[in-house]
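Topology and contacts: notes
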Amino acid sequence: MEYRIEKDTMGEVKVPADKYWGAQTERSRNNFKIGPSGSMPKEIVEGFAYLKKAAAYANHDLGVLSAEKRDAIGQVCDEILTGALDAEFPLVIWQTGSGTQSNMNVNEVIANRAQVLAGGKIGEGEPVLKANDDVNKSQSSNDTYPTGMHIAAYKAVVEVTIPGVEKLRDTLKAKSVEYMNVVKIGRTHLMDATPLTLGQELGGYAAQLTYGIKAVKNTLAHLSELALGGTAVGTGLNTPEGYDVKVAEYIAKFTGHPFITAPNKFEALASHDAIVEAHGALKQLAVSLNKIANDIRMLASGPRSGIGEILIPENEPGSSIMPGKVNPTQCEALTMVCAQVIGNDVAIAFGGAQGHYELNVFKPVMAANFLQSARLIGDACISFDEHCAQGIEPNYTRIKELVDNSLMLVTALNTKIGYYKAAEIAQTAHKNGTTLKEEAVHLGYVTPEDFDAWVKPEDMVGSLK
Ligand SMILES: O=C(O)C[C@H](O)C(=O)O
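The chain goes by Fumarate hydratase class II in an unreviewed UniProt entry, where it is assigned to Flavobacterium akiainvivens. Its UniProt record, at the heading Catalytic activity (unreviewed entry), says of the chain: "(S)-malate = fumarate + H2O".

This is the structure we're talking about:
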């Protein structure tokens with residue numbers, strides 16, 4: 001491995017010769033060999049590229065950065081956004097809790113890459129850009145990292161999570177309409193209950209997801225607030241007048257999302273309640289999706305010894321030893337995702353509770369967990385939609401068999417003969433293995449004609465919507 005010598009305020013550091021990063025990145029690389037997983041998410045690096053470019057533009061507009069330096073920073077940021085420099089960001093989330101080393105990683109790469117783009121050599125001659133003085137101008141890690149975190153989180157939620165959940169919700173809604181008249185038995189406490197339709201049951205799932213999407217959208221206003229301009233402790237030291245508003249305007253322009261400057265920078269640096277709040281909504285979605293996937297796998301259980309009221313796509317051989325077995329694998333993947341998201345919520349809550357005075361120093365772990373949840377929910381909903389939900393079909397024979405056998409149809413007799421006599425009919429039929437009608441007539445409480453007129457599953461399902 002060939003090295004070059006880079007310097008920072010602590011002295012000299014050997015850096016791989018072919019890399020753009022500098023001394024502080026290399027120190028972090030050597031000091032935090034904590035793994036094996038935990039790379040700084042690519043979306044955070046992208047968030048930094050947007051904000052560094054925006055800072056350069058705002059600084060120039062406000063007279064503290066030359067047009068040449070602005071353009072040099074902007075050019076490298078655009079390059080970062082293409083993914084061409086991905087290999088230049090080697091750090092992990094298990095580093096300083098402010099994300100300073102990732103901020104410096106971005107500053108160093110921008111400065112050194114600009115040097116090369118200008119025809120120079122890294123570390124030689126007059127630098128085109130200085131990492132701390134130019135690229136980091138009017139900034140601190142304490143306001144850049146949370147800004148990058150909000151940009152990444154907002155984009156992930158709007159571009160990945162919400163579209164994925166909406167797709168699954170729309171399928172469940174369409175299935176609900178299609179099967180609105182299919183009367184099936186209901187279950188409460190996992191025990192037989194009165195009937196409802198398959199459409200009603202699926203419509204409940206679709207409504208859960210609609211509320212989940214709404215909950216996520218409700219958190220976007222807080223997530224759209226950016227800390228940038230607060231610098232070290234929220235006071236905005238070393239920034240030109242009007243910088244915070246202007247820099248947020250540039251970020252909104254470059255990302256296409258409605259970011260604004262945070263009205264209270266102290267809150268934006270010292271707490272990450274916006275992340276806690278938005279992840280709370282992601283947790284709500286995970287809770288809903290877990291219930292939905294569990295119901296679907298139980299309704300599809302069998303094929304001979306389970307409930308088997310619905311059929312779901314048979315996608316892969318399920319077993320290495322049991323020939324012909326097929327398993328509800330999409331439900332399993334989705335519920336595992338839910339477990340991960342609920343776990344991430346605990347890490348985020350713990351991190352969010354740790355703001356000490358002017359700074360929360362759990363930023364990287366909160367960001368990484370949030371982004372993992374946002375991506376997982378979006379991707380898992382698409383997978384579940386395409387490989388399971390779209391293929392849900394009623395198993396009409398089984399549904400009818402279970403409705404016909406149900407003892408809880410007796411509930412329709414409550415208003416005709418009273419709860420106690422109806423209970424006696426159900427209990428006797430259960431004990432004797434007979435039908436409700438046989439026992440109702442045998443006990444002398446109902447005529448066969450009245451039974452047929454009164455006990456009609458299709459009249460027991462309320463309004464169909
Ligand atoms: O890196 C910075 O800009 C500040 C650092 O996180 C600190 O507060 O010590």
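This part covers the pattern of salt bridges. If you walk through the whole model with that rule in mind, you get 25 salt bridges. For Glu-26, the salt bridge goes to Arg-29, with nearest N and O atoms at 2.9 Å. Here Arg-29 and Glu-26 lie together in helix H1 (residues 23-31), a separation of three residues that amounts to about one turn. Overall, Glu-26 belongs to the buried group, its relative accessible area being 3%. The partly exposed category is assigned to Arg-29, whose relative accessible area is 30%. Between Lys-217 and Glu-166 there is a salt bridge, with its nearest N and O atoms 3.5 Å apart.

What follows covers the site of the ligand. If you check the shell around the ligand, you find Ser-98, Thr-100, Ser-140, Ser-141 and Asn-142 and nothing else. Ser-98 places a polar side-chain atom, nitrogen or oxygen, 3.2 Å from an oxygen atom of the ligand. Tallied by class, the residues present in the shell around the ligand amount to no nonpolar, five polar and no charged.

Bringing the state of the cysteines into the picture now. Applying the stated criterion to the full structure yields zero disulfides. Take Cys-388: it sits in no disulfide, and the sulfur closest to it among the cysteines is that of Cys-331, at 4.5 Å.

Moving on, we come to the UniProt feature "active site" (unreviewed entry) in the chain. With numbering aligned to this structure, UniProt lists the feature "active site" (unreviewed entry) at His-189 and Ser-319. For the annotated residues, spread through 131 residues, the largest C-alpha to C-alpha distance comes to 30.7 Å, inconsistent with a single compact locus. The class for His-189 is exposed, based on a relative accessible area of 76%. Inspection of the secondary structure assignment puts Ser-319 in the loop between strand E7 (310-311) and helix H12 (329-352).

Between Gly-302 and Pro-303 the backbone carries a cis peptide bond, its omega angle lying at 10°. Despite not being glycine, Asn-238 has its phi angle at roughly 75°, a positive value. By the element assignment, Asn-238 lies in the loop between strand E5 (225-226) and helix H9 (243-255). Assessed through its relative accessible area of 64%, Asn-238 is described here as exposed.

Let's shift gears to the side chain of Thr-255. Residue position: Thr-255 is located in helix H9. Looking at Thr-255, the relative accessible area reads 12%, which means it is buried. Reaching out from Thr-255, the side chain makes a polar contact with the backbone nitrogen of His-257 at a distance of 3.2 Å.

Moving on: the pairing of strand E2 (residues 11-16). Of the strand pairs in this sheet, strand E1 (residues 3-8) and E2 are connected by six bridges, and their pairing is antiparallel. Along E2, the bridge assignment pairs Lys-7 with Glu-12. Counting the residues that bridge the hairpin from E1 to E2 gives two residues.

With that out of the way, let us pick up the packing of helix H2 (residues 42-61) against helix H6 (residues 141-178). Interaxial distance between H2 and H6 falls to 8 Å at its minimum, and their mutual angle equals 115°. Note that H2 runs across H6; the crossing there is right-handed. Counted together, Glu-43, Ile-44, Gly-47, Phe-48, Tyr-50, Leu-51 and Lys-52 of H2 and Thr-144, Tyr-145, Thr-147, Gly-148, Met-149, Ile-151, Ala-152 and Lys-155 of H6 form the full contact between these two elements. Per-class residue counts for the contact of H2 with H6 are eight nonpolar, four polar and three charged.

The next thing to look at is the side chain of Gln-330. If you trace the backbone, Gln-330 turns up in helix H12. Gln-330 gets classed as buried once you look at its relative accessible area, which sits at 12%. Leave out the neighbours within four places in its chain, and Gln-330 touches Asn-315, Ser-383, Phe-384, His-387 and Cys-388.

With that out of the way, let us pick up the nonpolar core. One finds Ile-44, Ile-110, Leu-172, Leu-223, Ile-296, Phe-370 and Phe-384 to be the most contacted residues of the largest nonpolar core, which totals 105 residues. When near neighbours in sequence (up to four residues on either side) are disregarded, Leu-172 contacts Leu-202, Tyr-205, Ala-206, Leu-209, Ile-292 and Ala-389. Counting 16 residues, the second largest nonpolar core, distinct from the first, contains Leu-413, Ala-429, Val-455 and Met-460.

Examined against the element boundaries, Thr-335 turns out to sit in helix H12. Among all residues touching Thr-335, those that are not within four sequence positions of it are Asn-290, Ala-293, Asn-294 and Arg-297. Polar side-chain contacts of Thr-335 include one of 2.8 Å to the backbone oxygen of Cys-331.

On to the confidence of the model for the chain, then. Residues at a pLDDT of 70 or more form 100% of the chain, whose mean pLDDT is 97. Both scores are available for the predicted complex, with the pTM at 0.96 and the ipTM at 0.97.

Time to look at the packing of helix H11 (residues 273-299) against H12. At a minimum axis distance of 8 Å, the contact between H11 and H12 shows a crossing angle of 155°. On the basis of the axis angle, H11 is roughly antiparallel to H12. Here the hand of the crossing between H11 and H12 comes out left-handed. Of the residues assigned to the contact of H11 with H12, the class counts are 14 nonpolar, seven polar and four charged.

Each value, and the rule that gives it
Residue numbering note: each chain is counted from 1, following its sequence as written. Given that this is a predicted model, residues contribute local features only at a pLDDT of at least 70 and side-chain atom pairs are listed and counted only at 80 or more, while totals for whole chains, interfaces and linings are drawn from all residues. The side-chain figures draw on all heavy atoms in the structure; neither hydrogens nor water molecules are used. UniProt positions are given in the numbering used here, feature names are shortened, and annotations may be inferred rather than shown by experiment. Salt-bridge detection follows one rule: a side-chain nitrogen of Lys or Arg within 4 Å of a carboxyl oxygen of Asp or Glu. Working definition: helices are DSSP H or I runs of at least four residues, strands are E runs of at least two. Numbering for both runs from the N terminus. Relative accessible area decides the class of each residue, using a 1.4 Å probe on protein chains only: under 20% of the type maximum gives buried, over 50% gives exposed, and in between gives partly exposed. If a single non-hydrogen atom of a residue is within 4 Å of a molecule or strand, that residue counts as near it. Polar contacts, as used here, are pairs of N or O atoms within 3.5 Å; protein pairs need one atom able to donate a hydrogen and one able to accept it. Residues neighboring in sequence count only if both atoms are side-chain atoms. Three classes are used, and their members are as follows: Ala, Val, Leu, Ile, Met, Phe, Trp, Tyr, Cys and Pro are nonpolar, Asp, Glu, Lys and Arg are charged, and the others, Gly among them, are polar. By disulfide we mean two sulfur atoms from cysteines, separated by a distance within 2.5 Å. Paired strands are those between which DSSP finds at least two bridges. The axes used here are C-alpha line fits, helices contributing only the stretch in contact, and every angle between their N-to-C directions lies in the interval 0 to 180 degrees. If you view the pair so one helix is near and one far, a crossing is left-handed when the near helix is turned anticlockwise from the far one by less than a right angle, and right-handed when it is turned clockwise. Here, residues are in contact when the closest pair of their heavy atoms is within 4.5 Å. Nonpolar cores are built from buried Ala, Val, Leu, Ile, Met, Phe, Trp, Tyr and Cys residues. Side-chain atoms within 4.5 Å join them into one set. Scored between 0 and 100, pLDDT is the confidence that the predictor attaches to each residue. Oblique is the label for any angle not covered by the other classes, which are roughly parallel (under 35 degrees), roughly antiparallel (over 145) and roughly perpendicular (65 to 115).

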